[in-house]
Amino acid sequence: MATKVRATKTRVATGDSLVRLLGEVSNKDISIAGGKGASLGEMTQIGVPVPPGFIVTADAYKAFMRQNRLYERVISLLDVVDINNSTTLQETAGHIQSIIRSAPMPRGFKPAIENAYTRLGEGRVAVRSSATAEDLPDASFAGQQRTFLSVAGPKNVIEAVRACWASLFEARAIFYRGTNGYGHQGVDIAVVVQRMVQADASGVMFTVDPSAADPTVVFIEAIYGLGEPLVSGELSPDAYVVDKTSTQVISRVLVPQPWLLRQGDSIGGYETGTVKVSVPKPIQQRQKLSDPQIRKLAGLGLRLEEHYGVPQDIEWALAGADLYILQSRPITTLQKPSAAQIEAASNLVAILAGAPASPGVGVGRVQVVHGPRDMSRVKDGDVLVAEMTTPDYVPAMKRASAIVTDRGGRTCHAAIVSREMGIPCVVGTGNGTHVLSNVSVVTVNGSTGKVYEGDQLSIMLPAKVQAGPSARIRTRTKLYVNLASPEAAQRVASMDVDGVGLLRAEFILAHIGEHPRAMVERTGKGDEFIQRLAEGLETFASAFDPRPVVYRFSDFKTNEYRNLRGGEAYESFEENPMLGYRGCSRYLAEPDLFLLEVEAVKQVRLRYPNLYVMLPFVRTVQELQGVKNMLEAAGLRSSNDFQIWMMMEVPSNVFLLDEFLDAGVNGVSIGSNDLTQLILGVDRDNEKLVNVFDERNPAVMRALERIVTGCSRRGVTVSICGQAPSVYPEMTRQLVAWGITSVSVAPDMIEETRRIIQDAEVHAAAVLSKA
């Protein structure tokens, strides 16, 4: 009988810099606890049922690497490896991991971890990697680092922690960082140690349907036992769909389950803690969760979606009558399947069918892969066919035109990674590796879950929807994109977009993790700050070159700066940080830190002159002129190939529009979020005022009209980068009618917004012709 897991509030007395309890961290502590640890801490603080545990911090990892002088050895090996050569990559990764696993624990580390484990109550635990770049918006590090289940005994826990550190340099993790713009020293790792839940059932929950991008439902997958076989794709799950409004189960697909994974009976080493157990035949066919349990689980999912404000990808477990949340992270990829893709193939006969996991259509030569060692056989444009995929398959998946698996559901590894990469994928076919073994070329429809023999692309994608330059819509109004995550740069750059209208600094700074003042004064790492910021900026500039990339200088508020390592020593408490020490006021007060960012921009522009800059939260004309003088003194002066923009997000910008333009900016971008808050005097995060905050309010619309028409009259570029154009198409139409130069939206709104702009321009031309 499963026992209920109860949280503990006992504070670890020693080694606080090395170990933290889950309840002591939150989402603001990613640099300390990693993405997974910070999320678990956040959920613990808001009362979501999470198994108790502690975190071996990222600071502990960095101290371990420094004291053993491992950084230099690791980077020297990575500098010469070809990440696209699977064989040499595997060999180098194995060598690095061996170095890390054999390095001694520094003094004080073992007692700190042992003390925390004892206070947790000892017994079996899950030891889970938590990288500082995982579980973030626009990033999905699914399975990149290791997790060890059912670890028991202090010696095994310590060894599992060290193995998690080493897994930061597994081949799949090295490849992922290398191809997505993350520096190897820019990602650290914490380790979460949690009381092991003896799961009767477990699974994954999306607070939207991930394959159809349907926001009105919750999608749940469930298997008996521990959840590892579901994520890996070894077992195909039950699937339940819950209506968000009524929380009623509106669809269920039951899949027989022949075996389950549970905790082992013997302690063993840190890698031998689970065993496969046969499921009795009468139980194999049953629904894994009862309807009341499904509804209760969906309720937890909706609570987390409301708390975080975005759809969530959630791992859960059922122990006895108790549900536990094991992880919650933003859904990084949602794509709506094209109606043309779904309907155009109605006259074709499929040779194989499974679950639609990642929308789109791909065609290529079949390559059946039986394990990671076969990855080199998969060439660019092949269709990868496997029993299931693991993170080791990622290099081959990246080369594939489509992916087909025998096992797995819509939340397995293959599905998650395929959606992120934008590769069509069909999972859970049952016998795809057998059926396709003698087929040369196939067409895979990831929107319907069907596989067809031969090249059927011309039938399934009529000319009007085929990808390629001829299919792209051209508009007078530029369409830009808002971005923050380096790993999304290449993918979004391939879309029908004219550049980056808002590149936020905050994501890159969060990865650096340390307060810039602390880096300059305490650790003497000002040059490192410049280098790491420049690396992040170059990822975007190179991906979009020669299209413009408008970088908004850092606009952290004091409470956000305090959360960076060392920040508490430099940031005072403010009652209202949104109106506090931020933006241009901060640059003028601390010019040495501002010039670090300026130097990073200058370094990138030596290779990529398409990088422009934008000044946030400019309160007065004098502030604007003062910061412009600093930029010019540093060598950044407006020219034919360099532009300086400013954000329009303070009411003074509207009232004194001409005076701000007279100060000499090349462009402005309307920050509709802050501008709406300040015009209406409303906090958009206050749930009691949610109905008051509306960018379509007449006062806000009048301000927008004044900005757009005033800039147009002066011949100054005018854009908008707030959330409003991504939410309200009618606002986009009005902005185009007023003559806005460009609109910058979230990546998932690019295609729809381009069509809206085209329609608005046609309508505006028709009105003008009648005038």
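Check the entry above for the structure.
Residues numbered from 1 in each chain as written. Predicted model: local features only at pLDDT ≥ 70, side-chain atom pairs only at ≥ 80, totals over all residues. Heavy atoms only, no water.

Engineer: Help me understand the environment of Val 700, please; the structure alone is not making it clear to me.
Structural biologist: Position of Val 700 relative to the elements: it lies in helix H27 (residues 698-714). Separated by 24 residues in sequence, Val 700 and Thr 676 have C-alpha atoms that sit 6.1 Å apart. (Helix = DSSP H or I, 4+ residues; strand = E, 2+ residues; numbered from the N terminus.)

Engineer: Looking at this structure, how should I read the nonpolar core?
Structural biologist: In a soluble, globular protein the nonpolar side chains are often hidden away together inside. By size, the foremost hydrophobic cluster in this structure holds 95 residues, and its most contacted members are Leu 537, Phe 544, Phe 553 and Leu 615. Considering each element in turn, this core owes the most residues, nine residues, to helix H19 (residues 526-544). Beyond its immediate chain neighbours, meaning those up to four positions away, Leu 537 contacts Leu 503, Ile 508, Tyr 551, Ala 600, Val 601, Val 604 and Leu 611. Within the second largest apolar cluster, 70 residues are counted, among which are Val 125, Ala 160, Ala 414 and Cys 425. (Core = buried A, V, L, I, M, F, W, Y, C linked by side-chain atoms within 4.5 Å. Buried < 20%, exposed > 50% of the residue type's maximum accessible area, 1.4 Å probe, protein only. Contact = heavy atoms within 4.5 Å.)

Engineer: Explain the packing of helix H5 (residues 109-119) against helix H6 (residues 154-166) here, please?
Structural biologist: The relative placement of two packed helices comes down to the angle between their axes together with the axis-to-axis distance. Put simply, H5 and H6 touch, their axes get as near as 10 Å, and they point 115° apart. For the pair H5 and H6, the sense of crossing is right-handed. Every residue of H6 that contacts H5 at Phe 109, Lys 110, Ile 113, Glu 114 and Tyr 117 is listed here: Pro 154, Val 157, Ile 158 and Trp 165. The class makeup of the residues in the contact of H5 with H6 is seven nonpolar, no polar and two charged. (Axes fitted to C-alpha atoms, helices over the stretch in contact; angles between N-to-C directions. Left-handed = near helix turned anticlockwise from the far one by under 90°. Nonpolar A, V, L, I, M, F, W, Y, C, P; charged D, E, K, R; others polar.)

Engineer: Help me out: how do you make sense of the side chain of Ser 31 in this one?
Structural biologist: Positionally, Ser 31 belongs in helix H1 (residues 30-45). With relative accessibility at 9%, the residue Ser 31 sits in the buried group. In contact with Ser 31, not counting residues within four places along its chain, are Ala 58, Thr 132, Gly 513 and Arg 565.

Engineer: Even after reading the chapter, I still don't get the pairing of strand E27 (residues 667-670), so can you show me in this structure?
Structural biologist: Looking along a regular strand, one sees side chains alternate from face to face of the sheet. Covered by surrounding structure in E27 are Gly 667 and Ser 669 together with Val 668 and Ile 670, the residues of both alternating faces. When E27 meets strand E28 (residues 717-720), the two strands line up parallel, connected through four bridges. Bridge pairing links Ser 669 to Ser 719 in E28. (Pairing = 2+ DSSP bridges.)

Engineer: What is the right way to look at the environment of Leu 678 in this model?
Structural biologist: Relative to the helices and strands, Leu 678 resides in helix H26 (residues 672-680). Judged by relative accessible area, which is 24%, Leu 678 ranks as partly exposed. A C-alpha to C-alpha distance of 9.3 Å links Leu 678 and Leu 579, two positions 99 residues apart in sequence. Excluding residues within four positions of it along the chain, Leu 678 makes contact with Met 578, Leu 579, Phe 617, Glu 649, Val 650 and Pro 651.

Engineer: Before we go on, may I ask you to explain the sheet that holds strand E19 (residues 425-427) in this structure?
Structural biologist: Consider a sheet: its strands pair through backbone hydrogen bonds, and that pairing is either parallel or antiparallel. Reading across from one edge, E14-E21-E20-E16-E17-E18-E19-E15 is the order of the eight strands in this open sheet, with mixed pairing throughout. Among the strands making up the open sheet, the edge pair consists of strand E14 (352-353) and strand E15 (355-358). Of the pairings in the sheet, the one linking strand E18 (residues 402-405) to E19 comprises two bridges and is parallel in character. Each bridged residue has a counterpart across the sheet, and for Ile 403 the counterpart in E19 is Cys 425.

Engineer: Even after reading the chapter, I still don't get the side chain of Asn 445, so can you show me in this structure?
Structural biologist: Looking at where Asn 445 falls in the secondary structure, it is placed in strand E20 (residues 441-445). Within the structure, the side chain of Asn 445 is placed 3.3 Å from the backbone nitrogen of Thr 448, a separation counted as a polar contact. (Polar contact = N/O pair within 3.5 Å; in protein donor to acceptor, adjacent residues only side chain to side chain.)

Engineer: Is there a simple way to explain helix H2 (residues 58-67) in this structure?
Structural biologist: Counting buried positions over the 10 residues of H2 gives seven, a clear majority of the element. Directly beyond the C-terminal end of H2, a positive phi value near 55° is found at Arg 69.

Engineer: Got a minute to help me understand the packing of H1 against helix H10 (residues 291-308) in this structure?
Structural biologist: As a packed pair, H1 and H10 sit with axes 12 Å apart at the nearest point and diverge in direction by 105°. As the angle between them shows, H1 and H10 are arranged roughly perpendicular. For the pair formed by H1 and H10, the contact residues are Ser 39, Glu 42 and Met 43 on the first element and Leu 304, His 307 and Tyr 308 on the second. Classifying every residue of the contact of H1 with H10 gives three nonpolar, two polar and one charged. (Parallel < 35°, antiparallel > 145°, perpendicular 65-115°, else oblique.)

Engineer: What should I look at first to understand the pattern of salt bridges in this one?
Structural biologist: Working definition: two side chains of opposite charge can pair if their charged atoms are close together. Per the stated rule, a full pass over the model turns up 35 salt bridges. Among the ionic pairs, Lys 62 bridges to Asp 59, the shortest N-O distance being 3.7 Å. One end of the pair is Lys 62 and the other is Asp 59, both in helix H2 and three residues apart, which spans about a single turn. Each of the salt bridges in this network shares a partner with another, and the network as a whole consists of Asp 59, Lys 62, Asp 188, Glu 514, Lys 525 and Arg 565. (Salt bridge = Lys/Arg side-chain N within 4 Å of Asp/Glu carboxyl O.)

Engineer: Could you clarify how one ought to interpret the sheet that holds strand E3 (residues 125-131) in this entry?
Structural biologist: Strand order in the open sheet formed by five strands is E1-E2-E5-E3-E4, and the pairing between neighbours is antiparallel. In this open sheet, the two strands that pair with only one neighbour each are strand E1 (19-21) and strand E4 (147-151). Between one strand axis and the next, the sheet turns by 20° as a mean value, whatever way the strands run. Relative to strand E5 (residues 189-195), strand E2 (residues 53-56) runs antiparallel, the two sharing four bridges. Across the sheet, the residue bridging to Gly 53 is Gln 194, located in E5.

Engineer: Would you take a moment to explain the packing of aromatic side chains for this structure?
Structural biologist: To describe a pair of aromatic rings, one takes the distance between the centres and the angle between the planes. Enumeration according to the criterion identifies seven aromatic pairs in this entry. Measuring from centroid to centroid gives 5.5 Å for Tyr 551 and Phe 553, while their planes differ by 70°, and the two rings are edge-to-face. Of the two residues, Tyr 551 and Phe 553, both sit in the buried class. Geometrically, the ring pair formed by Tyr 587 and Phe 594 is stacked, given 4.4 Å between the ring centres and 20° between the ring planes. (Phe/Tyr/Trp six-rings, centres within 6.5 Å; stacked < 30°, edge-to-face > 60°.)

Engineer: In this structure, what is going on with H26? I would like to understand it.
Structural biologist: An α-helix turns once every 3.6 residues. As a result, residues three or four positions apart point the same way. For H26, the complete set of buried residues consists of Ser 672, Asn 673, Asp 674, Leu 675, Thr 676 and Gln 677. With its phi angle positive at about 65°, Gly 681 sits one or two positions after the end of H26.

Engineer: Quick question: what am I supposed to make of unusual backbone geometry here?
Structural biologist: Most peptide bonds take the trans form, and the phi angle of most residues other than glycine is negative. Here the bond from Asp 545 into Pro 546 is cis, since omega is 10°, no more than 30 degrees from zero. Although it is not a glycine, Thr 247 adopts a positive phi angle of roughly 55°. Relative to the elements of secondary structure, Thr 247 occurs in the loop between strand E8 (238-243) and strand E9 (249-253).

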